[in-house]
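A closer look at the structure
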Amino acid sequence: MIRTALTDVVGISHPICSAGMARVAQADLVVAVSNAGGMGCLGGVSYMPDALRAEIEKIKKGTDKPFAVNLLLPGSLTTEDEQQWAPVRDLWQSLSTEERTKLAGVESLLTSGAVADQVEIVLDAAPAAVVLTFATPDWFIRECKERGIKVFALVGSVGKAREASAAGVDFIVAQGFEAGGHTGYTSTLTLVPAVIDEVEQPVLAAGGIADGRGLAAALTLGAAGVWVGTRFIASPEAYGHDAFKQRVIDGRFQDTTITYSYSGKRMRAFANDWTSAWETSGEQTAGFPGQYAVAGTRVETGYQDGDLEFGMMPAGQTVQLVHEITPAARIVEEMAAQAERILRQVTPRD
Ligand SMILES: Cc1cc2nc3c(=O)[nH]c(=O)nc-3n(C[C@H](O)[C@H](O)[C@H](O)COP(=O)(O)O)c2cc1C
């Protein structure tokens with residue numbers, strides 16, 4: 001067994017977390033990972049409030065082990081100022097009925113008040129951890145501490161790590177640009193030790209980790225564990241069309257690209273007709289979260305319909321390393337076992 005600050009503080013067997021991937025990481029994946037001794041994280045961002053409550057209930061029925069929920073709490077989503085929501089509301093209203101139907105139930109980023117309701121639900125449910133991306137507001141961290149919820153901050157730069165550290169989070173997840181989803185400019189191999197040097201909190205490594213070699217490398221860099229996204233897409237428990245999962249299995253390094261077309265923020269996703277049409281159109285994004293109104297139907301077309309050319313599908317460079325659909329529990333167990341074997345070989349004994 002590999003013991004680290006992550007396993008000890010959260011109370012899990014393996015220093016492995018599945019990432020809170022919006023839409024992809026639903027209750028089935030979270031339950032499978034947590035029951036296998038890792039920490040599963042619900043992709044909480046995309047749920048409308050009632051659905052979020054129901055999904056957390058489903059997790060609690062499936063496991064009594066620690067699990068996490070991912071939320072985005074930048075001021076642009078938590079503000080109650082209706083003026084600030086006006087451009088997003090206009091974009092939403094400009095969608096066709098068919099497009100709005102496609103987004104029904106997953107329009108939380110485009111709905112004023114939805115994120116505030118998500119916060120209430122998550123605080124009430126008190127999962128072992130909440131993982132915050134983009135922002136770490138003091139008020140939320142205080143509320144979590146009162147309830148014994150650990151707060152993780154997912155960051156892509158040393159500067160953001162410093163901010164999250166000063167805000168008082170419990171763990172920092174340093175995500176290199178190999179990662180699928182929103183991403184920065186620095187590789188995991190350089191970002192993780194740089195963040196460790198800057199903050200006092202334990203640091204997890206994210207981006208480019210797909211097996212026990214990645215876990216062993218992260219631990220050797222000084223990380224307390226890993227946060228893994230793309231590898232878990234290719235599991236039966238992940239949500240998403242089979243064609244999307246097959247694309248992950250078939251994928252090579254050159255198949256992902258950096259795009260702003262999903263949310264207005266920098267992201268790694270599969271390159272396809274949609275991403276290249278967007279890049280060559282010269283259109284400016286509608287910013288965050290408005291751009292999601294533009295791209296949300298593309299996201300759903302990818303996940304629901306398996307449209308590989310016009311769907312918008314985040315994925316990381318580990319598509320090169322993923323060769324089959326594997327049950328999530330086996331991914332966790334094999335990753336832990338392989339890392340233990342490697343670390344026994346490379347750790348000098350005295
Ligand atoms: C399909 C997909 C969806 C993602 N959605 C989110 C999200 O909703 N919130 C978030 O903080 N990160 C999200 N991410 C990023 C992951 O949390 C994680 O940092 C990343 O997947 C790690 O790199 P890897 O893909 O190389 O394992 C997503 C990643 C993928 C591949």
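Refer to the preceding data block for the structure.
All figures in this text were calculated on a predicted structure; none of them were measured in a lab.

Structural notes on the packing of helix α5 (residues 82-93) against helix α15 (residues 290-305)
At a minimum axis distance of 8 Å, the contact between α5 and α15 shows a crossing angle of 20 degrees. Taken together, the axes of α5 and α15 lie roughly parallel to each other. The interaxial crossing formed by α5 with α15 has right-handed handedness. Residues Val-88, Leu-91 and Trp-92 of α5 form the contact with α15, whose own contacting residues are Gly-290, Ala-293 and Val-294.

Description of the site of the ligand
Taken together, 21 residues lie near the ligand, and Asn-70, Thr-133, Gln-175, Gly-229 and Thr-230 sit nearest. Asn-70 places a polar side-chain atom, nitrogen or oxygen, 2.8 Å from a nitrogen atom of the ligand. Here an oxygen atom of the ligand and a backbone polar atom of Gly-208 are 2.8 Å apart. Coverage of the ligand by the protein chains reaches 96% of its 600 Å² of free accessible surface. Broken down by secondary-structure element, the contributors of at least two residues to the shell around the ligand are β9 (225-228) and α12 (230-233).

Quick look at helix α10 (residues 188-198)
Of the positions making up α10, those classed as buried are Thr-188, Leu-191, Val-192 and Val-195. Along the axis of α10, the buried positions cluster into a sector of 100 degrees, meaning they face one direction only. Exposed residues pointing more than 90 degrees away from the buried face of α10 are listed as Leu-189 and Asp-197. On its buried side, α10 packs onto β5 (150-155), α9 (158-167), β6 (171-175), β8 (203-206) and α11 (212-221).

Points about the state of the cysteines
Taken as a whole, this structure holds zero disulfides when the rule is applied. Counting only cysteine sulfurs, Cys-41 is the nearest neighbor of Cys-17, a cysteine outside any disulfide, at a range of 8.0 Å. On the accessibility criterion, Cys-17 (0% relative accessible area) is buried.

Considering the pattern of salt bridges
Counted under the stated rule, the structure contains 14 salt bridges. Notably, a salt bridge pairs Lys-58 with Asp-28, separated by 3.6 Å at the nearest N-O pair. With Lys-58 in helix α3 (residues 49-62) and Asp-28 in helix α2 (residues 27-35), this residue pair connects regions lying 30 residues apart in the sequence. For Lys-58, a relative accessible area of 42% corresponds to the partly exposed category. Here Asp-28 falls in the partly exposed class, since its relative accessible area comes to 42%.

Basis of the calculations
- Residues numbered from 1 in each chain as written.
- Predicted model: local features only at pLDDT ≥ 70, side-chain atom pairs only at ≥ 80, totals over all residues.
- Heavy atoms only, no water.
- Axes fitted to C-alpha atoms, helices over the stretch in contact; angles between N-to-C directions.
- Helix = DSSP H or I, 4+ residues; strand = E, 2+ residues; numbered from the N terminus.
- Parallel < 35°, antiparallel > 145°, perpendicular 65-115°, else oblique.
- Left-handed = near helix turned anticlockwise from the far one by under 90°.
- Contact = heavy atoms within 4.5 Å.
- Near = heavy atom within 4 Å.
- Polar contact = N/O pair within 3.5 Å; in protein donor to acceptor, adjacent residues only side chain to side chain.
- Areas by Shrake-Rupley, 256 points an atom, 1.4 Å probe, with all protein chains shown as cover.
- Buried < 20%, exposed > 50% of the residue type's maximum accessible area, 1.4 Å probe, protein only.
- Arc of directions from axis to C-beta.
- Disulfide = S-S within 2.5 Å.
- Salt bridge = Lys/Arg side-chain N within 4 Å of Asp/Glu carboxyl O.

So yeah, pure geometry; function would need other evidence.
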